[in-house]
Amino acid sequence: MKNQFLLKSDSLVFQLFGYMSTVLILILVLQAIAEHALIRVMLGVPQEIKNELYQLVDEANSFIDKNDISGLEEWEESQPYYIFVLNNLNKPLTSRQMHPHFEFKLKFLREIDEILDNKVNKPLIGMGLRNGNKLIVQLPSQKHPAHRYLLFFSISKVIIAVLTLLIVSYILAKNLQNPLNRLREASRRLACGDFSVNVVSELKSKTREFNDLASDFDHMADQISQLSGRQRQLIRDVSHELRTPLARQNIAIHLLRAQVDEKGEQIVDRLEAQVDEMNKMVGEILEFSRLENARYEANFKWVDLGGVISMQIEQARRQLVGAQVIDFNLERSPCFVVTDERLFVRCIDNLLSNAMKYAGTNASISVRTLDITRQGKAFTRVQVSDNGPGVPQEKIEEIFTPFTRLDSSRAKARSGYGLGLSIAKESVLLLGGTIIAENLITGGLSIEIDLPQSEISVL
Ligand SMILES: Nc1ncnc2c1ncn2[C@@H]1O[C@H](COP(=O)(O)OP(=O)(O)O)[C@@H](O)[C@H]1O
Ligand SMILES: [Mg+2]
């Protein structure tokens, strides 16, 4: 199993091996190139020493010209370098005794412009003099350029290794990051309820392990999608099934009412109210389910939003409690938009009833419409805001999730199942618009619905 794993060229082990080998080879090659270049640049005799040596050549020549051999001998001995002047037979011109090691090294004589070894030693440098004589100078080891060269070479080795590692690590990280980013993006889309994610087709990684992970991810998305589908189906079916017994109960209550006395009628009233409540709930669940499953056929036509909103506000005003007020501010009238009137009414109705329910008895509710342009498209914005307590900032997105009711103790007293805003959201999406909630700085919640003015053609 392990061997098989190692042999596959698309396995992570193989790819890492490839990267590491590349790094190693790259570092070695670059270091060899650097070494070569440094030798050429740094291992020649330094210019200041060359100048000194040329000076010595001139001085030696002047002794030869004068044929002053004893002067030459004295001069040789007084030099800071170990030097000899040889004749064309490679014998010293003077009677000075030559060190045997020096004599031996004469076989490895170097030109002044030659590149030296990178090992610190004492090379002999030969320079031509007049009459076929030669000046031989032994370069002291402390003046050998290899000293500087070794330092530079060590630094360049480190720099090359670090740079190569950095570059290859960057490439490796990029290659590893790409599939990870794709997966992350896909999991975000999945979290937003997009079950159509298909990472395998998008990823096409060269690494088998990533492809395996992608296909597992797709499988998981598929399973979640099926699970969520079944759950939605269950909610729909159960709600649907509840309708018949509820209808029967309604009839039974009507029949009962005819047979009870005044005291019994109160109980029947309570019973009827309960059944009505349940009917409403089942109706909302079914409506949400229809919208969520795109089973609702929107009926697009030109609608005067101003007129529709005014009508809803009129109705809402009849149910105001305490010192609640609603004011309406229309930017232009009539305000025609291509939309589905029923869905829009559903949204505005819910926003108004929410404001009345949750903003308190002193609520001042404000409805505004205005025209805006977003990314070159014309929208009509309908804003419903109140001066109530608003929604805790970290829960602001949550209120659009089905069955979400914040502060349940407070909310229980009021009717509603936490489906109103979910229905509003699904409706607005179907109308091609957007809905957002935000807490106002002045306190209170504001819900903004942006509807495209005429993007959807009238059917
Ligand atoms: N105007 C508002 N002010 C404060 N909280 C609100 C407001 N509108 C909605 N909410 C919160 O959002 C939740 C969800 O609203 P909604 O989906 O309409 O459900 P419901 O009206 O059935 O409670 C509400 O239970 C409430 O906690
Ligand atoms: Mg509501």
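Quantities reported herein were computed from a predicted structural model and do not represent experimental measurements. (Residues numbered from 1 in each chain as written. Chains lettered and ligands numbered in written order. Predicted model: local features only at pLDDT ≥ 70, side-chain atom pairs only at ≥ 80, totals over all residues. Heavy atoms only, no water.)

Caption draft 1: Here's a closer look at the nonpolar core. By size, the foremost hydrophobic cluster in this structure holds 48 residues, and its most contacted members are L305 and I399. Split by domain, the residues of this core number at least three in each of domain 2 (195-295) and domain 3 (301-452). For L305, the residues in contact, after removing those within four places along its chain, are C335, V337, T339, F344, T380, V382 and L451. The next biggest cluster of nonpolar side chains, apart from the first, holds 21 residues, and it includes I112, M127, V137 and L139. (Core = buried A, V, L, I, M, F, W, Y, C linked by side-chain atoms within 4.5 Å. Buried < 20%, exposed > 50% of the residue type's maximum accessible area, 1.4 Å probe, protein only. Domains from an automatic or database assignment. Contact = heavy atoms within 4.5 Å.)

Caption draft 2: Just the pairing of strand β2 (residues 124-128), in detail. Burial of β2 is extensive: 4 of the 5 residues sit out of reach of the surface. Inspection of the sheet shows β2 paired to strand β3 (residues 134-138) by 5 bridges, in the antiparallel sense. Bridged to M127 within β3 is L135. A loop of 5 residues connects β2 with β3, the two strands running antiparallel in sequence, and N131 in this loop sits at a positive phi of about 60 degrees. (Helix = DSSP H or I, 4+ residues; strand = E, 2+ residues; numbered from the N terminus. Pairing = 2+ DSSP bridges.)

Caption draft 3: Fine view of the coordination of the magnesium ion (ligand 2). The coordination sphere of the magnesium ion (ligand 2), as far as protein atoms go, consists of N350 (ND2) and N354 (OD1), spread over 2.2 to 2.6 Å. Of the two residues, N350 and N354 both sit in helix α11 (residues 341-358), 4 residues apart, roughly one turn of that helix. Each member of the pair, N350 as well as N354, carries the same accessibility label: buried. (Donors = N, O, S within 2.8 Å, 3.2 Å for Na, K, Ca; no water.)

Caption draft 4: Region of the structure containing the environment of D194. Topologically, D194 is positioned in the loop between α6 (146-191) and α7 (199-203). Owing to a relative accessible area of 25%, D194 belongs among the partly exposed residues under this scheme. Put simply, D194 and D218 are 24 residues apart on the chain and 12 Å apart in space, counted from C-alpha to C-alpha. A polar side-chain atom of D194 sits 2.5 Å from a polar atom in the side chain of S196. (Polar contact = N/O pair within 3.5 Å; in protein donor to acceptor, adjacent residues only side chain to side chain.)

Caption draft 5: Region of interest: unusual backbone geometry. Unusually for a residue other than glycine, N67 sits at a positive phi of about 55 degrees. Of the residues examined, N67 reaches a relative accessible area of 61% and is grouped as exposed. In this model, Q375 sits at a positive phi of 50 degrees, which is unusual for a non-glycine residue. Among the secondary structure elements, Q375 is positioned in the loop between β7 (364-374) and β8 (377-385). Judged by relative accessible area, which is 81%, Q375 ranks as exposed.

Caption draft 6: Spotlight on the site of ligand 1. In the region of ligand 1, 19 residues are neighbours, and N354, Y358, D386, G418 and L421 sit closest. Residue D386 places a side-chain N or O atom 2.8 Å away from a nitrogen atom belonging to ligand 1. L406 has a polar backbone atom sitting 3.1 Å from an oxygen atom of ligand 1. Coverage of ligand 1 by the protein chains reaches 98% of its 530 Å² of free accessible surface. Only α11 and α13 (420-430) provide two or more residues apiece to the shell around ligand 1. Broken down by element, the shell around ligand 1 gets its largest block of residues, 5 residues, from α11. Here the residues of the shell around ligand 1 sort into 9 nonpolar, 7 polar and 3 charged. (Near = heavy atom within 4 Å. Areas by Shrake-Rupley, 256 points an atom, 1.4 Å probe, with all protein chains shown as cover. Nonpolar A, V, L, I, M, F, W, Y, C, P; charged D, E, K, R; others polar.)

Caption draft 7: Layout of the pattern of salt bridges. On inspection of all chains with the given rule, the structure shows 21 salt bridges. For the salt bridge of D65 with R130, the shortest nitrogen-to-oxygen distance reads 2.9 Å. Of this pair, D65 sits in helix α3 (residues 47-66) while R130 sits in the loop between β2 and β3, and the two are 65 residues apart along the sequence. With relative accessibility at 47%, the residue D65 sits in the partly exposed group. Look at R130 and you get partly exposed, because its relative accessible area is 42%. The partner of R332 in a salt bridge is D371, and the shortest N-O contact between them spans 2.4 Å. (Salt bridge = Lys/Arg side-chain N within 4 Å of Asp/Glu carboxyl O.)

Caption draft 8: Structural detail: the pairing of strand β1 (residues 82-86). Judged by how many residues are buried, β1 sits mostly within the fold: 4 of 5 residues are covered. One ladder, built from 5 bridges, connects β1 with β3; its direction is antiparallel. Across the sheet, the residue bridging to I83 is V137, located in β3.

Caption draft 9: Summary view of the sheet that holds β1. Here 3 strands make up an open sheet; going across it, the order is β1-β3-β2 and the pairing antiparallel. Whereas interior strands pair on both sides, the edge strands pair on one side only; in this sheet they are β1 and β2. Sheet twist, expressed as the average angle between the axes of neighbouring strands with direction ignored, equals 20 degrees. Against the sheet, α3 contacts β1, β2 and β3, and its axis sits at roughly 140 degrees relative to β3. Along the sheet, helix α4 (residues 69-77) makes contact with β1 and β3, crossing β1 at roughly 155 degrees. (Axes fitted to C-alpha atoms, helices over the stretch in contact; angles between N-to-C directions.)

Caption draft 10: The arrangement of the UniProt feature "domain: HAMP" (unreviewed entry) in the protein chain in detail. Here the UniProt feature "domain: HAMP" (unreviewed entry) sits at residues 174-229. With 80% helix and 0% strand, residues 174-229 has its two end C-alpha atoms placed 37 Å apart. (UniProt positions renumbered as here; feature names shortened; annotations may be inferred.)

Caption draft 11: Spatial organisation of a nonpolar patch on the surface. Residues L151, F152, I155, V158, I159, V162, L163, L166, I167, Y170 and I171 make up a contiguous nonpolar surface patch of about 1,100 Å² in total accessible area. Following the sequence through the fold, I155 ends up in helix α6. A relative accessible area of 45% means that I155 is categorised as partly exposed. (Patch = residues over 30% accessible without salt bridge, like charges linked within 9 Å, V, L, I, M, F, W, Y side chains within 5 Å.)

Caption draft 12: Highlighting the packing of aromatic side chains. Applying the stated criterion to the full structure yields 6 aromatic pairs. Taking the centre distance of 5.3 Å and the plane angle of 50 degrees together, the rings of F84 and F102 count as tilted. Taken together, the residues F84 in strand β1 and F102 in helix α5 (residues 100-105) connect sequence positions 18 residues apart. A single burial state applies to F84 and to F102, both of which are buried. Taking the centre distance of 5.8 Å and the plane angle of 65 degrees together, the rings of F104 and F108 count as edge-to-face. What makes F104 partly exposed here is its relative accessible area of 43%. Aromatic ring contacts, followed pair by pair, group Y82, F84 and F102 into a single cluster. Across from the ring centre of F379, 4.5 Å away, lies the NZ or CZ of R374, which sits over that ring. (Phe/Tyr/Trp six-rings, centres within 6.5 Å; stacked < 30°, edge-to-face > 60°. Lys NZ or Arg CZ within 6 Å of the ring centre and 35° of its normal.)

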